[in-house]
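Take a look at the letters that make up each chain.
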Amino acid sequence: MGLRSKAVSSAAFLILLTIITGAAGGDTGEKDASPGGRDGFQPDTVYYLPEIVVTADRPERVEHLHPEFVAYIDVEGIRTGGRDIPGMLAEAAGIRIRRYGGLGSYSAASIRGSSSSQVQVYLDGVPLNDPYSGMANLADMSTGMIDRIEIYRGASPVSLGGSAIGGRVNLVSETGSGAGPGPEIEAGSSFGSFGTTRQWVGVNSDLGPLEFHLRGGYTGSEGDFSFPDDNGTPLTGADDEISTRLNNDFTRWNLSGALKMDIPGLRKASMNINYFKRESGVCGIGSNQSASARIERERGLSYLKLEPALGRSVNAEVTLFHSRTGERFSDPEGEIALTRQKTNNRIISYGGNLSGSWSLPALPLSLELFMEGKKERYQPVDYLPEVNQGPDRRRRSLTSVAAGNISLLDSRAFISAQYRTLWSENEFYDKAPLPYLPPTPRGKIERRSDSPQGGIRISICEHLTIKGNVGRYVRMPTFFELFGNIGTVTGNAGLEPEEGKNRDVGAVFTWGRAGPVRSVFVEGSYFDNEISNLILFFPNSQRTVKPKNIGAARIQGAELSMSARIFPFLTLSGNYTWMNAVDDSDIPYYNGNQLASTPAHEISARLVLSRGRWNAGYDLHHIGANFLDKANMQEVSGRNIHGASLSVREIMDHFKITLEGRNLAGSQVRDVIGYPLPGRSFYFSMEFSRKGDIE
């Protein structure tokens, strides 16, 4: 389909919605993008509002007064065809996104030099990391279903439960405005380079005591970008050529719904259902491309949240959740792992948690509690060379957190202390010896770990706040590490949790109107993390490897974030991260090396001009040179990624059009273990929004 026909399709899709919703009257309304548009002023959190960066208002929840370093990304304000959740996170301070290819490919987050399995990812506080790999694929989530992203670098609040060495990412789902009884209908359509297309539609409405939100979308791409191909001979340039990425297409369907209910005795009651299905090619690394390997992944996640009304000084929330994930992989020619493969693996997880806080009326003291119980099961099925089902892996885990917070000097000083306890029981089951009998357990692996954390926050004056945190954090071994897989990895039941001793300190400076300057925000921080008991894989025989607790790392760095609004029409924002991430293990050929995929310097900067209905933006993302491997043999040079956008809103009162270019200089490099990333790309997006009373 040509560029012109795609534009006609996008316009027709949204104009049709205008006709359908023509009976819905009322004003379109505009969201408040000013600093006063949220609940209370919070000077040390950055919000990315529609195409500008400003300091946000302080939410009422007490956890936001804590001393952790946290940032928010307002997804709704920057939701376009050329951006996905991994791309948005990549521009935040201290975060590195590791991509296994281009748009839509497997993407995992690293915070302050951590491994991706040391970062916990949540959807509305519900854990998403799977027990087999320990990671969460950020590319699974569509931007259409997410309202904002919370990023906790290092320390994190009690309400997010267990321990995380790197930090946490909490995706907060789209809930609509809930303003009035009429329906709010939103939709969008976009297309762009490499055959990329995206459509989505959402409906929000209040019906008496019920409020519902429904959103669905489709994203697809051919992924057939060009890349520099060294033909597997990096030291010889004579055979280098430009190749096209093969078998790199993907399609993804997302559906999410939320129902909120007014129930006597409850402050809040909501039920959320999320489903996605993704099918894609597995193209392989660099010049070693695969033409036939495919993977299909689908996940259903549902959760119920209840918040009882217990009085002004007591807050409590109960969450029940269930997740079922299926992943089917086919490599009929053995192009990926050199042997033919066909698998169908399932992961089932369910549980619940209780979180609460109590503010003592006569004392400047508040207490917080969190308890979570969870069961997880991994069920592998291998069809080649013959059908082999199991063995199943199962885990029961309990997490408890207790915290105390003291507010002193008329709330100018805030001291927080937390203590986490994590317990897990892992079991490995063999296939049942006879039909209709239960599987046979091989034994139990039990682990318990404690994770204390403390922090302080002091407001020196109206414009300056200092804060710091110290804590011990852990990562429990995954099913893959404890039990291995069928073939190349031998499990190790004696593995201990990875440990991290984290320290950070920093200051926040904010300033209001001063001449042409409308607002200024600056945050600087220094962190020093020592990580031990890192799990590494070593040869166990000619054909297998075995994990061992032998790795260690020392990661030191500094982060600087800023934003300034000058005049009503100019916004500048950016961040800089410096990091010295060194392998500190006793392995001679690793000791002293730079950790893989951890550049020493990373910069993101953005400039936005807003005049009436027009917005124009330019952004720069600089990623310094880094190594792809632990031995520091494969180096990727530094690169500058330029982007620009132009948008017009309130066209015919309901439409917004955006044109954007990504990686305008055409910088083409490799990411995790050599996966090439796409070069220059362009996208066109059209959005529609209308709300009003039902006649």
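Computed from a predicted model, the values in this text were never measured in an experiment. (Residues numbered from 1 in each chain as written. Predicted model: local features only at pLDDT ≥ 70, side-chain atom pairs only at ≥ 80, totals over all residues. Heavy atoms only, no water.)

Colleague: Help me out: how do you make sense of the overall build of the protein in this one?
Modeller: For the protein, the count of helices and strands is 3 helices and 39 strands. Considering only intrachain contacts with a sequence separation of at least 6, the fraction spanning at least 24 residues in the protein is 63%. If you sum the accessible surface of the protein, you get close to 30000 Å²; carbon and sulfur atoms cover 59% of it. (Helix = DSSP H or I, 4+ residues; strand = E, 2+ residues; numbered from the N terminus. Contact = heavy atoms within 4.5 Å. Areas by Shrake-Rupley, 256 points an atom, 1.4 Å probe, with all protein chains shown as cover.)

Colleague: Any chance you could explain the nonpolar core here in plain terms?
Modeller: Leu89, Leu123, Ile146, Ile149, Val169 and Leu171 are the most contacted members of the largest nonpolar core, which has 29 residues in total. The set of elements that each furnish at least two residues to this core consists of α2 (85-90), β4 (95-99), β5 (107-111), β6 (119-123), β8 (146-153), β9 (167-173) and β19 (294-308). Here the element with the most residues in this core is α2; it accounts for 4 residues. In this view, leucine 123 contacts Leu128, Met141, Met145, Ile146, Asn170, Leu171, Ser173, Asn274, Leu301 and Tyr303; residues no more than four positions away in its chain are not counted. One finds Ile165, Tyr473, Ile531 and Leu534 within the second-largest nonpolar core, a separate group that totals 11 residues. (Core = buried A, V, L, I, M, F, W, Y, C linked by side-chain atoms within 4.5 Å. Buried < 20%, exposed > 50% of the residue type's maximum accessible area, 1.4 Å probe, protein only.)

Colleague: Can you walk me through empty space enclosed by the protein in this structure?
Modeller: Over the atoms a probe the size of a water molecule is rolled, and this reveals where empty space is left. For the structure shown, the criterion picks out 14 cavities of 30 Å³ or more. Within this model, the second largest cavity holds a volume of roughly 520 Å³. Looking at the second largest cavity, it is lined by 32 residues, and the ones nearest its centre are Gln120, Lys374, Arg395, Leu422 and Met476. Broken down by secondary-structure element, the contributors of at least two residues to the lining of the second largest cavity are β6, β22 (365-379), β25 (393-408), β26 (413-430) and β28 (464-475). Among the elements that make up the lining of the second largest cavity, the one with the highest residue count is β22 (5 residues). Along the lines of polarity and charge, the residues of the lining of the second largest cavity split into 12 nonpolar, 14 polar and 6 charged. (1 Å grid on protein atoms, 1.4 Å probe; cavity = no way out; pocket = protein on both sides within 12 Å on 5 of 7 lines; lining within 4 Å. Points joined across faces, edges and corners; volume = space filled by probe spheres on them. Nonpolar A, V, L, I, M, F, W, Y, C, P; charged D, E, K, R; others polar.)

Colleague: Can you walk me through unusual backbone geometry in this structure?
Modeller: In terms of backbone geometry, most residues other than glycine have negative phi values and most peptide bonds are trans. Here leucine 384 and proline 385 are connected by a cis peptide whose omega angle stands at 0 degrees. As for its position among the elements, proline 385 is in the loop between β23 (381-382) and β24 (388-389). At serine 597, a residue that is not glycine, the phi angle is positive and equals roughly 60 degrees. Here serine 597 is to be found in the loop between β32 (570-583) and β33 (601-611). Residue classification places serine 597 among the buried residues on the basis of a relative accessible area of 5%. One non-glycine residue, asparagine 632, lies in positive phi territory at about 55 degrees. Topologically, asparagine 632 is positioned in the loop between β35 (626-627) and β36 (635-636).

Colleague: Explanation requested: a nonpolar patch on the surface in the structure shown.
Modeller: On the surface, Leu207, Leu210, Leu259, Met271 and Ile273 cluster together into a nonpolar patch covering about 390 Å² of accessible area. With respect to the element layout, leucine 210 can be found in strand β12 (residues 210-221). (Patch = residues over 30% accessible without salt bridge, like charges linked within 9 Å, V, L, I, M, F, W, Y side chains within 5 Å. Salt bridge = Lys/Arg side-chain N within 4 Å of Asp/Glu carboxyl O.)

Colleague: Help me understand the pattern of salt bridges, please; the structure alone is not making it clear to me.
Modeller: When charged atoms on two side chains of opposite charge get close, those side chains can pair. A complete count under the given rule lists 32 salt bridges for this structure. Of the charged contacts, one joins arginine 294 and aspartate 249 as a salt bridge, the two residues approaching to 2.9 Å between their closest N and O atoms. Residue arginine 294 is found in strand β19, and its partner aspartate 249 is found in the loop between β14 (241-244) and β15 (250-261); the two are separated by 45 residues along the sequence. Given the relative accessible area of 23%, arginine 294 is considered partly exposed.

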